[in-house]
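Observations on chain architecture
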Amino acid sequence: MAKLSVIARQTKREKLVATYAAKRKALKEAGDYVALDKLPRNASPVRLKNRCKLTGRPKGYIGKFGVCRNVFREMASAGKIPGLTKASW
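The structure displayed is predicted, hence computed values, not measured ones. (Residues numbered from 1 in each chain as written. Predicted model: local features only at pLDDT ≥ 70, side-chain atom pairs only at ≥ 80, totals over all residues. Heavy atoms only, no water.)

Within the chain, the regular secondary structure consists of three helices and two strands. Counting from the amino terminus, helix and strand elements in the chain follow one another as α-α-β-β-α. Relative to a compact globule of 89 residues, whose C-alpha radius of gyration would be 12 Å, the chain shows 18 Å and is clearly more extended. Within the span of the chain, comprising 89 residues, buried residues form 21% of the whole. For the chain, long-range pairs separated by at least 24 residues make up 31% of all intrachain contacts whose partners lie at least 6 apart in sequence. Summing over all exposed atoms, the chain offers an accessible surface of approximately 7100 Å²; the carbon and sulfur share of this is 55%. Within the chain, the 5 negative side-chain charges are centred at a point lying 11 Å from the centre of the 22 positive side-chain charges. (Helix = DSSP H or I, 4+ residues; strand = E, 2+ residues; numbered from the N terminus. Rg over C-alpha atoms; globule rule 2.2 N^0.38 Å. Buried < 20%, exposed > 50% of the residue type's maximum accessible area, 1.4 Å probe, protein only. Contact = heavy atoms within 4.5 Å. Areas by Shrake-Rupley, 256 points an atom, 1.4 Å probe, with all protein chains shown as cover. Lys, Arg positive; Asp, Glu negative; His and termini not counted. Charge placed at Lys NZ, Arg CZ, Asp CG, Glu CD.)

Here's what the structure looks like:
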């Protein structure tokens, strides 16, 4: 499990990106890069990192399910993901 401070920082960035999304789009279309530079750095969507929704793990993220590979394997084995079965041959 990731540190709670790292997870909190990520959620704070997500809120900031959502808040400034319209303003960033308008400034980019206008070509006003000086005003764009004055916005907070964390308002840029490039600074977001995909993290597991359950553990906060940054690596091994599976975007379709929103969890990391470890949690995905546990959930798949437990039958908690609909339509997914473990392969056996």
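By volume, the largest pocket amounts to about 180 Å³. Considering the residues around the largest pocket, the lining is formed by 14 residues, among which Gln 10, Glu 14, Arg 51, Cys 52 and Lys 53 are closest to the centre. Counting residues per element, the lining of the largest pocket draws most heavily on helix H1 (residues 4-30), at four residues. Residues that form the lining of the largest pocket fall into these classes: five nonpolar, five polar and four charged. There are two domains that each give the lining of the largest pocket at least three residues, and those are domain 1 (1-49) and domain 2 (51-83). (1 Å grid on protein atoms, 1.4 Å probe; cavity = no way out; pocket = protein on both sides within 12 Å on 5 of 7 lines; lining within 4 Å. Points joined across faces, edges and corners; volume = space filled by probe spheres on them. Nonpolar A, V, L, I, M, F, W, Y, C, P; charged D, E, K, R; others polar. Domains from an automatic or database assignment.)

In a regular helix each residue adds 1.5 Å, so 27 residues correspond to 39 Å; H1 covers 39 Å between its end C-alpha atoms and thus fits that length. Residue Tyr 20 marks the point of greatest curvature in H1, where the axis turns by about 50°. Among the structural elements, helix H2 (33-37) are those in contact with the buried residues of H1. (Expected span 1.5 Å × (residues − 1). Bend = angle between axes of the 7 residues up to and from the residue.)

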